[in-house]
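# Secondary and tertiary structure notes
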Amino acid sequence: MAANEQPMSFSYRFFPGQQMIYRVKVDGLIQVETPQGTSVNPIKIEMEIWQTIREVVDGKARIDIFVKSARAFSGSESTALPEEGSHSSLIMNTRGSVTYELGSTPVQGSEFAQMTFPDQLLQLGDSWEQDANTSPNAPVKAKTLYTLLRSESIGQHLCSVFHAQMAMPSVTTQTGGSAHGGTSIGEVWFAPELGQVVQTIATSNFSFSIPISEMGATAKTSTRLRTEMKLLKSGKSQ
């Protein structure tokens, strides 16, 4: 029987020493409009992220996250981003609720990946809303709406596919700038037998304005991104 033909409960699965290696690709552009004109700057980022489960106690996993590589590309050249080589750690329960121990900002692409499943059984078409897993220092709190869409195989994994839509409201910053809100819309592939996310794809759009002179001029920045995160390997750490 295909997954999700009957209501089912979703949860994450952990075992000590489990290691998951993810590849993240980000493509997009930033458009900046000023009184002097408009410029468009492409964005191309690739990251490799290692997640290792150090221990599991009372159903909660302590997970170390290591950003093995984080590179920004311009043509054939690449430069390291500040995230490269960074470490963070968190505690996660089987429903997906997260508490950060070291570091507090999710790595690029992980916002959609960290679904907190509800306690009740889910069937096709069911939805729930949760606070988006963004930085606790963010000026506004985003919300993400998840909906169970379908079953689909990726490689050896039969996945439950969730639609995800994250919305961030508009806000005025203390420096006089304005964030005009934004959205991220995409899908999450979760493998129930593995108990882990194996792929996410999301398209994000957001913009903000910054005052640049006492005469009332502003600069408007619009950003459009396509982020893909894919599980490359899952198994016992070496």
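Residues numbered from 1 in each chain as written. Predicted model: local features only at pLDDT ≥ 70, side-chain atom pairs only at ≥ 80, totals over all residues. Heavy atoms only, no water.

### Side note on the overall build of the protein
- When you go through the protein residue by residue, the secondary structure sums to one helix and 13 strands.
- Per-residue burial for the protein yields a buried fraction of 38% across its 238 residues.
- Of the contacts formed within the protein by residues at least 6 apart in sequence, a portion of 56% connects residues at least 24 apart. (Helix = DSSP H or I, 4+ residues; strand = E, 2+ residues; numbered from the N terminus. Buried < 20%, exposed > 50% of the residue type's maximum accessible area, 1.4 Å probe, protein only. Contact = heavy atoms within 4.5 Å.)

### Focus: the nonpolar core
- Core analysis: the largest hydrophobic core is formed by 40 residues, its most contacted members being Ile63, Met115, Phe117, Phe162, Phe190 and Val198.
- Excluding anything up to four places from it in sequence, Ile63 contacts Phe14, Gln51, Thr52, Ile53, Ser88, Ser89, Leu90 and Met92. (Core = buried A, V, L, I, M, F, W, Y, C linked by side-chain atoms within 4.5 Å.)

### Considering a nonpolar patch on the surface
- Together, Phe208, Ile210 and Ile212 give the surface a local cluster of nonpolar side chains, amounting to about 240 Å² of exposed area.
- Secondary-structure assignment places Phe208 in strand E12 (residues 196-211).
- Judged by its relative accessible area of 31%, Phe208 falls in the partly exposed class. (Patch = residues over 30% accessible without salt bridge, like charges linked within 9 Å, V, L, I, M, F, W, Y side chains within 5 Å. Areas by Shrake-Rupley, 256 points an atom, 1.4 Å probe, with all protein chains shown as cover. Salt bridge = Lys/Arg side-chain N within 4 Å of Asp/Glu carboxyl O.)

### Let's talk about the side chain of Gln18
- In this fold, Gln18 is placed in strand E1 (residues 18-34).
- Setting aside anything within four residues of it in sequence, one finds Gln18 in contact with Arg13, Gln51, Thr52, Ile53, Gln196, Ser234 and Gly235.

### Section: the packing of aromatic side chains
- Throughout the structure, instances matching the rule amount to ten aromatic pairs.
- Look at Phe10 and Phe162: their rings are 5.3 Å apart centre to centre, the planes differ by 75°, and that puts the pair in the edge-to-face class. In this pair, Phe10 sits in the segment before E1 while Phe162 sits in strand E9 (residues 157-168), placing the two residues 152 residues apart along the sequence.
- Of the residues examined, Phe162 reaches a relative accessible area of 0% and is grouped as buried.
- Ring geometry for Trp128 against Phe162: centres 5.7 Å apart, planes inclined by 80°, an arrangement best described as edge-to-face. Here the residue Trp128 occupies a position in strand E7 (residues 127-131), and Phe162 occupies one in strand E9, the gap between them amounting to 34 residues. An identical accessibility class is assigned to Trp128 and Phe162; each is buried.
- Among the aromatic residues, ring-to-ring pairing joins Phe10, Tyr12, Phe117, Trp128, Tyr146, Phe162 and Phe190 into one connected group. (Phe/Tyr/Trp six-rings, centres within 6.5 Å; stacked < 30°, edge-to-face > 60°.)

### Comments concerning the pattern of salt bridges
- Scanning the model with the defined rule gives eleven salt bridges in all.
- The partner of Lys44 in a salt bridge is Asp27, and the shortest N-O contact between them spans 3.7 Å. Of this pair, Lys44 sits in strand E2 (residues 37-57) while Asp27 sits in strand E1, placing them 17 residues apart in sequence.
- Residues Glu84 and Arg71 are paired through a salt bridge, measuring 3.5 Å at the closest nitrogen-oxygen approach. You can see Glu84 sitting in the loop between strand E4 (77-80) and strand E5 (87-92) and its partner Arg71 sitting in strand E3 (residues 60-74), a full 13 residues away along the chain.
- Given the relative accessible area of 29%, Glu84 is considered partly exposed.
- The partly exposed category is assigned to Arg71, whose relative accessible area is 25%.
- Each of Asp27, Lys44 and Glu46 takes part in a single network of salt bridges with overlapping partners.

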